[in-house]
Amino acid sequence: MSASVSKGPQARKAPVAPIIKQSMPYVVCIGAFLVAWQILSFILGESRLPGPINVVAQTWDPYISQPFFDDGGTSKGLGWQILISLQRVAVGYSLSAIVGITAGGILGMNRFIGKGFDPVIQVLRTVPPLAWFPISLMVFQDANTSAVFVIFITAIWPIIINTAVGIREIPQDYTNVARVLRLRKGAYIRDIVIPATVPYVFTGLRIAVGLAWLAIVAAEMLKADGGIGYFIWDAYNAGGDSSSSQIVLAIIYVGIVGLLLDRLVAFAGRKLSKGAA
């Protein structure tokens, strides 16, 4: 009886040790990064590079404590600014996914077209996102539409390339079986092409979502009404005492949201890959 009583607390404490062990690398490394950042701030000066303590102190009210405040116009909390940017990314990224997967499928299944368009794709995919912005402004005459187009044209290339590569990497045995079974084109695409290319497609989608998020922040800095990129550039132009802290906080938000977007696409890819297998 006494033995069973003595094992009770140990059994309850046992799960805690693995949690602490798993979290220690994050605590130590992130803590070391924050300390190094604070020391660098002391060396360079808080006006040039605010440390983590300064950033929290100078942006707590309202940017941290009230992320969804709205004073009208573009004077909004970082929560609203992130949502404005995410709306633009959602439209541009969705369009790039639809067009990119379709175009990649055509290029992958038709060797002639794939070979012919490859030089065009290789040239256009190396163009920096902001180089498209002046052209889009001339064409669309609207900053919001232009920002969406920049996202679209930036994100589409890895989707096209990875989709086409995925189709070309389908084992020849699969194609031979399809011919023996005399599968129709629709059945071949549904039963063989799509399951085999899902991992490649989501690799492209994962790369594309990161590029889309980078592109929207840069595009909003140039010309936009609201959005996290606009917030960063507006804080820089304001030149106030807390401007540098606001910029650093916004950069942290940008990084966290980018990480979450990447993990979301990766999670969806794993789920769909299992379902297609």
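In the block above lies the structure referred to throughout.
Notes on the structure in this doc start here. (Residues numbered from 1 in each chain as written. Predicted model: local features only at pLDDT ≥ 70, side-chain atom pairs only at ≥ 80, totals over all residues. Heavy atoms only, no water.)

Quick look at the packing of aromatic side chains now. Here the structure, examined in full by the defined rule, presents eight aromatic pairs. Ring centres 5.3 Å apart and planes at 90° place the aromatic pair Phe 68 and Trp 80 in the edge-to-face group. Of the two residues, Phe 68 is situated in the loop between helix H3 (52–64) and helix H4 (78–109) and Trp 80 in helix H4; the sequence distance between them amounts to 12 residues. Since its relative accessible area comes to 35%, Trp 80 is described here as partly exposed. A centroid spacing of 5.5 Å and a plane angle of 50° characterise the contact between Phe 140 and Phe 149, whose relative ring orientation is tilted. An aromatic cluster is built from Trp 132, Phe 140, Phe 149 and Phe 152, whose rings are joined through pairwise contacts. (Phe/Tyr/Trp six-rings, centres within 6.5 Å; stacked < 30°, edge-to-face > 60°. Helix = DSSP H or I, 4+ residues; strand = E, 2+ residues; numbered from the N terminus. Buried < 20%, exposed > 50% of the residue type's maximum accessible area, 1.4 Å probe, protein only.)

Below, the discussion takes up the packing of helix H6 (residues 129–140) against helix H7 (residues 143–168). Put simply, H6 and H7 touch, their axes get as near as 8 Å, and they point 135° apart. Here H6 lies oblique to H7, going by the angle between them. At the point where H6 passes H7, the crossing takes the right-handed sense. Where H6 abuts H7, its residues Pro 129, Trp 132, Phe 133, Ser 136, Leu 137 and Phe 140 lie against Ala 143, Thr 145, Ser 146, Ala 147, Phe 149, Val 150, Ile 153 and Thr 154. The class makeup of the residues in the contact of H6 with H7 is 10 nonpolar, four polar and no charged. (Axes fitted to C-alpha atoms, helices over the stretch in contact; angles between N-to-C directions. Parallel < 35°, antiparallel > 145°, perpendicular 65-115°, else oblique. Left-handed = near helix turned anticlockwise from the far one by under 90°. Contact = heavy atoms within 4.5 Å. Nonpolar A, V, L, I, M, F, W, Y, C, P; charged D, E, K, R; others polar.)

Turning our eyes to something else, we now look at the packing of H4 against H7. In a pair of packed helices, the angle between the axes and the distance between the axes together describe the arrangement. The N-to-C vectors of H4 and H7 enclose an angle of 30°; their axes lie 6 Å apart at closest approach. Judged by the angle between their axes, H4 and H7 are roughly parallel. In terms of crossing hand, the pair formed by H4 and H7 is right-handed.

Attention now moves to the nonpolar core. Leu 78, Val 89, Tyr 93, Leu 205, Trp 213, Ile 216 and Ile 228 are the most contacted members of the largest nonpolar core, which has 48 residues in total. Elements supplying a minimum of two residues to this core: H3, H4, H6, H7, helix H9 (185–222), helix H10 (228–238) and helix H11 (243–276). Here this core takes 12 residues from H9, the largest share from any one element. Those residues in contact with Trp 213, other than ones at most four positions away along the chain, are Ile 82, Ser 85, Leu 86, Val 89, Ile 228, Val 254, Val 257, Gly 258 and Leu 261. Of all hydrophobic cores here, the second largest spans six residues; its members include Ile 170, Ala 178, Ile 192 and Val 193. (Core = buried A, V, L, I, M, F, W, Y, C linked by side-chain atoms within 4.5 Å.)

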